[in-house]
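Structural description and commentary
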Amino acid sequence: MDKEITFYQDIKPLFREKDRNCMYFSFDLYDYEAVCDKADEIYKRLTSGQMPPSGAGGKWNQEKIDKFKKWMETGKKKGLPPEREAFYKLLNNESFPEFLPTAKKMAYDYLDKAKSLIENPPSELGRYGKLLKHFEFTQDAFNKRLQHIYVYVKEEVDKYEPANDPIYNSRKDVIESIRQWAPFNQTDGAWLRYAVKLGPTDEITSLLSEILQDELGNGKAEHNHSTLYTTLLASCGIHLPEVYQRAYAEDPRFLDSAFSIPALSLCISQFSDLFFPEILGFTLLIEWTVLEVAPNIKLFKYYGLNPHFYEMHVAIDNASSGHGANAKRSIELYLDHVRQNGGDDAVQEHWRRIWIGFASLWSAGTLARDFEEMLYQKRIGRYEFPSHTMIYDHALSHNIVNIGKSQLGKPDLRQRMIKMIAHKAPYASRNHNDRKFGDKFINELFNNPEGFLDALVESSYVVKGDPKNSPILSRLTTWDGPMYKVFTEEELNLWNEWIRSLDPNNKPSDPILSLNIVTEMRRLITTLKNNQYATLGHSHILTGPNPEDPDSIITKDIHWWFDQDDPIWIMKALICDKNEHRMVIPNQPENSPFITRMMAPANKMGSAFADIAISRGPMKNGEILPSIGEPWSWKDIAYRWIQLGAH
C-alpha cells in the first residue's frame, strides 16, 4: 500500500526557505491553505521551469514534480505539522514506535539551532544574547554567569507595568495567550518524564526527581501543575480536548508554534539517556529564570484573572532553595562525576552540551512573536502579512520581558509594493512584449518582484521623495499615459507613499499628531462623567487651580470637579503637584497612577475606559494604512494626552 502523501510531511519540505522568501510577496509556500489554493498554478510553473522563482535556483527534478502532482490528485491531504505530530505521537509513543527515528532527528535539529545560538547570539537579543554565549566551565564562571542572568531577568521584570504593555490591549488578548501556552503548560515537566528511573538512585537523579514530583503534584491532583493550568483555562471559558487526543494536536485555534517548545521537551525526553546533559541544561533554564513569569502575575491581576499558576511557580522554583537551586546543584554533581571518569576535557565537552540544552528554549520556536503578530493582524482586520522571520523567544514568557522584541508585524511600504507588483504579474508579464528595463525584459522582471522594485528605485521613472515629479505618476499613469487605469486609486496612493519614503530626509508624518489631543481629552471627560455619580471612588478629593481664581488653589471632591463647566479644570487638577498622591505625571503615562492603577481593567473605571472612543482612529504605532485604523479606546486618548505633556 502506497504511503499517504500529506502537505506537512511530504510537500512543505520540498520548498526551501529561499523559495519561500522569493514567493512571500504573493503567498506563503509554508501555508497549507495558500498552497492548496494555488496548487494548479504552482504545478504549471513547476513543469514549465518557472518555479522555483528566477534566481532562487534548485529546480525540481521529475520525482519531486510527480510527488506534488500525486498530492493534488489524492485530495491535497493536510497531515499534521511536524511539531503537532510529534506532540501527539510522543504523548502516545507506545502506539507509534515508527515515529521514534523522526523524533530523534527533530531533537538533533533543535539542538543544532541552539548550538548556533550559543556560538553567535543574534544582535536582537542584546545584553541577554551575551549571557547566552558559551563559556568554558569553572565553578566560579558558572556561579557568575547564573548570577548575571538572575540579576538581568530581575531588572527587566521590575520594569514591567501591565498598563504599558505593548502587546496586550484587553482581557480577551490575555485569555487568548493563556490558550496558546496550553500545550507547554499542560505538559509541564515532560522533559523529565524518563530522566528519573526506578531502582537505586544517586543524588543527581534525586534532585531531578524532586522537581518532577512537584510538577506532578506529589500525589495530590489539585497540586499537579498541568491540572492547575487546566483549571485556569476553564476559569477563562476555555475547554480543550484531552492533551493525549489527536483532536488536541489538530485544534485549529492553536498557532502551530504553540507546539514548538512542547515538541522539543518531548523529543529530548524520549531519549533521556542520549540527551541527559541537554536535559540538565533545559531544566536549569526553566527553573533558574522562573522570575520571567512574574510579569504574568501583574498582568493577570490587572485584568482580573487568577494568577495562582504563576505565583506557585515563582515560589517553588526559586534559586535559593527551590527548583532553581536543585537544577544548578544537579549540574555541578554531574560534572564532578564526569571529571572523575574522564578528566577536564570531558567536563568541557559535557558542559557545552548542557549549555546547548540551556539555550535550546530560545531557539525552538516563535510563539511569542507569532502571537504578537496574530493580535496585530486581528486588530487591523488584515491577515496578508504573517511574519516568517526567525525570532528567538523565551519559552516561559509571552515576551513581556522586552528581550529581543521586534516591532509588531506591520506591513511596511516595501512589502506592500512587492505584493502589488506580484498581484499584477500574471497579466503584466505578458503585456510588455520586447520592451526592456535596463538590460532585462520587463516581462521577465515580473518573475522577481523584489528585484524589480529595487531596479525601479534607481530608475528614471522614480524621483526619490518626489512623487509629483516622478514619471511613473506624472506621465505614465495619467489620462494620456500608456498605463492609465492600470492602478486603482488606492494603489496610486501607495506609489505616492512609497516614493515619498525613499527620501531619507523626508520623515513620515505621525497621524496621531493630527488629533487635537486636548479636544479629545475634553470630549472624554464630557462623555464619561455622566457615569460617575454613583461611583464611590469619585468622592475622593482632588486639589487644583480654582476655576473662579486660577491663581489660587482649591481642594474639592471629584464630583465637584466634574460639575465645572469646562473639563479643562479637572485636567489641571489631575496634574497639579499640590496633590498628596499625584494622579498624572506629564510625559510619563507609564508612571502615572491614573493609567497604571485607576484604569486597570479589573476596576470599574478600567472597564469604562476600555470602550472605543474613536472607532476608526489612526494606527497607534504610527503606520499609515489606506482606509485602516485601529480603534482607540478612551484609555488610549488619556495615555496619549499624558504622553504629550498633559497640557
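Because the structure is a prediction, the values reported are computed rather than measured. (Residues numbered from 1 in each chain as written. Predicted model: local features only at pLDDT ≥ 70, side-chain atom pairs only at ≥ 80, totals over all residues. Heavy atoms only, no water.)

1. Here we look at the overall build of the chain
Looking only at helices and strands, the chain features 31 helices and six strands. Here the chain holds 647 residues, and the buried ones make up 52% of them. Contacts in the chain between residues at least 24 apart in sequence constitute 68% of all its contacts with a sequence separation of at least 6. Accessible surface for the chain amounts to roughly 31000 Å². Of this, 50% is attributable to carbon and sulfur atoms. (Helix = DSSP H or I, 4+ residues; strand = E, 2+ residues; numbered from the N terminus. Buried < 20%, exposed > 50% of the residue type's maximum accessible area, 1.4 Å probe, protein only. Contact = heavy atoms within 4.5 Å. Areas by Shrake-Rupley, 256 points an atom, 1.4 Å probe, with all protein chains shown as cover.)

2. Comments concerning the pairing of strand β3 (residues 541-546)
Put simply, side chains in a regular strand alternate between the two faces of the sheet. Taken across its six residues, β3 has five buried, putting it largely inside the fold. Pairing between β3 and strand β4 (residues 549-557): six bridges, direction antiparallel. From the neighbouring strand, T543 faces β4, where its bridge partner is T555. (Pairing = 2+ DSSP bridges.)

3. Description of the pattern of salt bridges
Scanning the entire structure with this criterion turns up 25 salt bridges. Between D344 and R339 there is a salt bridge whose closest N-O contact spans 3.2 Å. Within the structure, one salt-bridge network assembled from shared partners comprises K328, R329 and E332. (Salt bridge = Lys/Arg side-chain N within 4 Å of Asp/Glu carboxyl O.)

4. Regarding unusual backbone geometry
Notably, K76 is not glycine yet its phi reads approximately 50°, a positive angle. Residue placement: K76 occurs in the loop between α5 (62-73) and α6 (82-91). For K76, a relative accessible area of 23% corresponds to the partly exposed category.

5. Examining the side chain of N93
As for its placement among the helices and strands, N93 is situated in the loop between α6 and α7 (100-119). Within the local environment of N93, its side chain forms a polar contact with the side chain of Q270, the two groups lying 2.9 Å apart. Other than its neighbours up to four places away in sequence, N93 contacts R193, Y194 and Q270. (Polar contact = N/O pair within 3.5 Å; in protein donor to acceptor, adjacent residues only side chain to side chain.)

6. What to know about the packing of helix α4 (residues 39-48) against α5
α5 packs onto α4 with a crossing angle of 160° between their chain directions and a minimal axis gap of 11 Å. The orientation of α4 relative to α5 falls into the category roughly antiparallel. Pair α4 / α5 crosses with left-handed handedness. Across the interface between the two elements, A39, D40, I42, Y43, L46 and T47 of α4 pack against I65, F68, K69, W71 and M72 of α5. Considering only residue class, the contact of α4 with α5 consists of eight nonpolar, one polar and two charged. (Axes fitted to C-alpha atoms, helices over the stretch in contact; angles between N-to-C directions. Parallel < 35°, antiparallel > 145°, perpendicular 65-115°, else oblique. Left-handed = near helix turned anticlockwise from the far one by under 90°. Nonpolar A, V, L, I, M, F, W, Y, C, P; charged D, E, K, R; others polar.)

7. A short note on the packing of aromatic side chains
Counting across every chain of the model gives 37 aromatic pairs. Aromatic pair Y108 and F275: ring centres 5.2 Å apart, planes at 70°, arrangement edge-to-face. With Y108 in helix α7 and F275 in the loop between α15 (260-270) and α16 (276-288), this pair connects stretches of sequence that are 167 residues apart. Relative to F309, the ring of Y229 has its centre 4.8 Å away and its plane inclined at 70°; by these criteria the two rings are edge-to-face. Of the two residues, Y229 sits in helix α13 (residues 225-235) while F309 sits in helix α18 (residues 308-316), which places them 80 residues apart along the sequence. (Phe/Tyr/Trp six-rings, centres within 6.5 Å; stacked < 30°, edge-to-face > 60°.)

8. Topic: the packing of helix α10 (residues 171-180) against α13
In contact at an axis separation of 10 Å, α10 and α13 are set at 145° when each is read in the N-to-C sense. Our pair here, α10 against α13, has a crossing hand that is left-handed. Within the contact between the two elements, α10 uses S177, I178 and R179 and α13 uses Y229, L232 and L233. Here the contact of α10 with α13 is built from residues that sort into four nonpolar, one polar and one charged.

9. Overview of α13
Within α13, the full set of buried residues consists of H225, S226, L228, Y229, L232 and L233. Buried residues in α13, looked at end-on, bunch into an arc of 160°, giving them a common side. Near the N-terminus of α13, the side chain that reaches the backbone nitrogen of S226, with its oxygen 2.9 Å away, is that of N224. A positive phi of about 80° marks G237, the residue just after α13. (Arc of directions from axis to C-beta.)

10. Let's talk about the environment of F68
With respect to the element layout, F68 can be found in helix α5. When the C-alpha atoms of F68 and I11 are compared, they prove to be 6.6 Å apart, with 57 residues separating the residues in sequence. Setting aside residues up to four positions removed in sequence, F68 forms contacts with I11, F15, V35, A39, I42, Y43, L46 and W60.

11. Some remarks on the confidence of the model for the chain
Taken over all residues, the pLDDT of the chain has a mean of 82, while the share at 70 or more is 85%. With pLDDT under 50 throughout, residues 382-411 is counted as low confidence; its partners more than four residues away or in other chains account for 112 contacts. With pLDDT under 50 throughout, residues 507-514 is counted as low confidence; its partners more than four residues away or in other chains account for 13 contacts. (pLDDT = per-residue confidence, 0-100.)

12. Focus: helix α9 (residues 139-159)
With 21 residues, α9 should reach 30 Å at 1.5 Å per residue; the first-to-last C-alpha distance of 31 Å fits that figure. Every buried residue belonging to α9 is among F142, R145, L146, I149, Y152, V153, E156 and V157, and all of these are buried. With its buried residues spanning 130° around the axis, α9 presents them on a single face. Buried-residue contacts for α9 involve α8 (126-132), α16, α17 (294-302) and α19 (323-359). (Expected span 1.5 Å × (residues − 1).)

13. Side note on the nonpolar core
In this structure, Y128, Y229, W351, L524 and F594 are the most contacted members of the largest nonpolar core, which totals 144 residues. Considering each element in turn, this core owes the most residues, 14 residues, to α19. Residues from two domains meet in this core; each of domain 2 (91-380) and domain 4 (517-644) gives at least three. Apart from the residues lying within four places of it in its own chain, the contact partners of Y229 are S177, I178, W181, A182, N185, Q186, F309 and Y310. (Core = buried A, V, L, I, M, F, W, Y, C linked by side-chain atoms within 4.5 Å. Domains from an automatic or database assignment.)

14. Overview of the environment of T527
Examined against the element boundaries, T527 turns out to sit in helix α26 (residues 517-528). Along the primary structure T527 and A613 are separated by 86 residues, whereas in three dimensions their C-alpha atoms are 9.6 Å apart. Among the polar contacts listed, one links the side chain of T527 to the backbone oxygen of R523, at a separation of 2.7 Å.

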